[in-house]
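The primary structure of each chain is shown beneath.
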Amino acid sequence: MTTIDNHVQDKSAKRVGELTEVFQRGLDENLGVGASLGIRLESAGEGFTRYYLDPNAATINAMFTVHGGVIATLMDTAMGSAVFTKLGDGVAYTTLELKVNFIRSVTLDGSRLTCEATAVHVGRRTATAEGRITDAAGKLIAHGSTTILVLGGDR
């Protein structure tokens, strides 16, 4: 492994640590999507995150299925976080575009939803990522992509 590889690995580990810390702070202080919807960070690495959601009464719509906005929020959180793990210190981001393809509805049957997201491209001004949500049986619930605006700092 070269010195450059070590730097990238160290930067990624630092960002994953920051992501974990920020998410935990939100849970501790009852802030954000983790606290309000029950979205939880399961794992993260360089350019990759896995979040999950156990659907509950706060996540359903009038048809008693998980609201599409909740599914989109799970995916947006995972994809943005995957990009975050590849950004440098002092660099922020915001979603420019979010595309979600809903494949099947989700009822309150106790099935955990898991979203795996991967950063596809991380540039100086924009980034892209892809995500997939599956249920506990591995069935595809939704898939999508995002374009992210990279803000400030050094990538």
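Structure: above.
(A) Expanded view of the overall build of the protein. Secondary structure summary: the protein contains 3 helices and 6 strands in total. Starting at the N terminus and walking to the C terminus, you meet the elements of the protein as α-α-β-β-α-β-β-β-β. Radius of gyration (C-alpha) of the protein: 16 Å, near the 15 Å computed for a compact globule of 155 residues. Dimensions along the principal axes, computed over C-alpha positions, put the protein at roughly 55 × 30 × 30 Å. Looking at the protein as a whole, 38% of its 155 residues are labelled buried. In the form shown here, the protein has an accessible surface area of approximately 8,200 Å², with 52% of it arising from carbon and sulfur atoms. Positive and negative charge centroids in the protein, built from 15 and 17 side chains respectively, lie 5 Å apart.

(B) Focus on the environment of Arg 50. Along the chain, Arg 50 falls in strand β2 (residues 48-53). Residues Arg 50 and Gly 110, spaced 60 residues apart in sequence, show a C-alpha to C-alpha distance of 19 Å. In this structure, Arg 50 is in contact with Arg 40, Leu 41, Glu 42, Ser 43, Thr 114, Cys 115 and Glu 116, ignoring residues within four places of it in sequence.

(C) Spatial organisation of the packing of aromatic side chains. Taken as a whole and judged by the stated rule, the model has 1 aromatic pair. With centroids separated by 6.3 Å and ring planes inclined at 55°, the aromatic side chains of Phe 84 and Tyr 93 adopt a geometry described as tilted. Note on Tyr 93: relative accessible area 29%, which makes it partly exposed. Stacked on the ring of Phe 84, the Lys or Arg Arg 15 has its end atom at 3.9 Å from the ring centre. The ring centre of Tyr 52 lies 3.7 Å from the NZ or CZ of Arg 112, which sits over that ring.

(D) Spotlight on the environment of Thr 118. Within the secondary structure layout, Thr 118 lies in strand β4 (residues 113-122). Counting along the chain gives 39 residues from Thr 118 to Met 79, while the straight-line C-alpha distance between them is 6.5 Å.

(E) Structural detail: the nonpolar core. Grouped together as the largest cluster of nonpolar side chains are 33 residues, with contacts concentrated most on Leu 74, Val 83 and Ile 133. Those elements that provide at least two residues to this core are α1 (3-28), β2, α3 (68-84), β4, β5 (126-134) and β6 (140-151). With 10 residues, the top contributor of residues to this core is α3. Here Ile 133 is in contact with Ile 71, Leu 74, Met 75, Leu 113, Thr 114, Cys 115, Lys 139, Leu 140, Ile 141 and Ala 142, once residues within four sequence places are set aside.

(F) Region of interest: the pattern of salt bridges. For the structure shown, the criterion picks out 7 salt bridges. Among the ionic pairs, Lys 86 bridges to Glu 46, the shortest N-O distance being 3.8 Å. Remark: Glu 46 occurs in the loop between β1 (40-45) and β2 and Lys 86 occurs in the loop between α3 and β3 (92-102); sequence separation between them is 40 residues. Classification of Glu 46 as partly exposed rests on a relative accessible area of 42%. Of the charged contacts in the structure, one is a salt bridge between Arg 50 and Glu 116, with a shortest N-O distance of 2.8 Å. With Arg 50 in strand β2 and Glu 116 in strand β4, the pair connects residues that are 66 residues apart, well separated along the chain. For Arg 50, a relative accessible area of 22% translates into the label partly exposed. Residues joined by salt bridges that share partners form a network here, namely Glu 42, Arg 50 and Glu 116.

Cut-offs and rules
- Residues numbered from 1 in each chain as written.
- Predicted model: local features only at pLDDT ≥ 70, side-chain atom pairs only at ≥ 80, totals over all residues.
- Heavy atoms only, no water.
- Helix = DSSP H or I, 4+ residues; strand = E, 2+ residues; numbered from the N terminus.
- Rg over C-alpha atoms; globule rule 2.2 N^0.38 Å.
- Buried < 20%, exposed > 50% of the residue type's maximum accessible area, 1.4 Å probe, protein only.
- Areas by Shrake-Rupley, 256 points an atom, 1.4 Å probe, with all protein chains shown as cover.
- Lys, Arg positive; Asp, Glu negative; His and termini not counted.
- Charge placed at Lys NZ, Arg CZ, Asp CG, Glu CD.
- Contact = heavy atoms within 4.5 Å.
- Phe/Tyr/Trp six-rings, centres within 6.5 Å; stacked < 30°, edge-to-face > 60°.
- Lys NZ or Arg CZ within 6 Å of the ring centre and 35° of its normal.
- Core = buried A, V, L, I, M, F, W, Y, C linked by side-chain atoms within 4.5 Å.
- Salt bridge = Lys/Arg side-chain N within 4 Å of Asp/Glu carboxyl O.

Taken by themselves, the reported measurements are silent on function.
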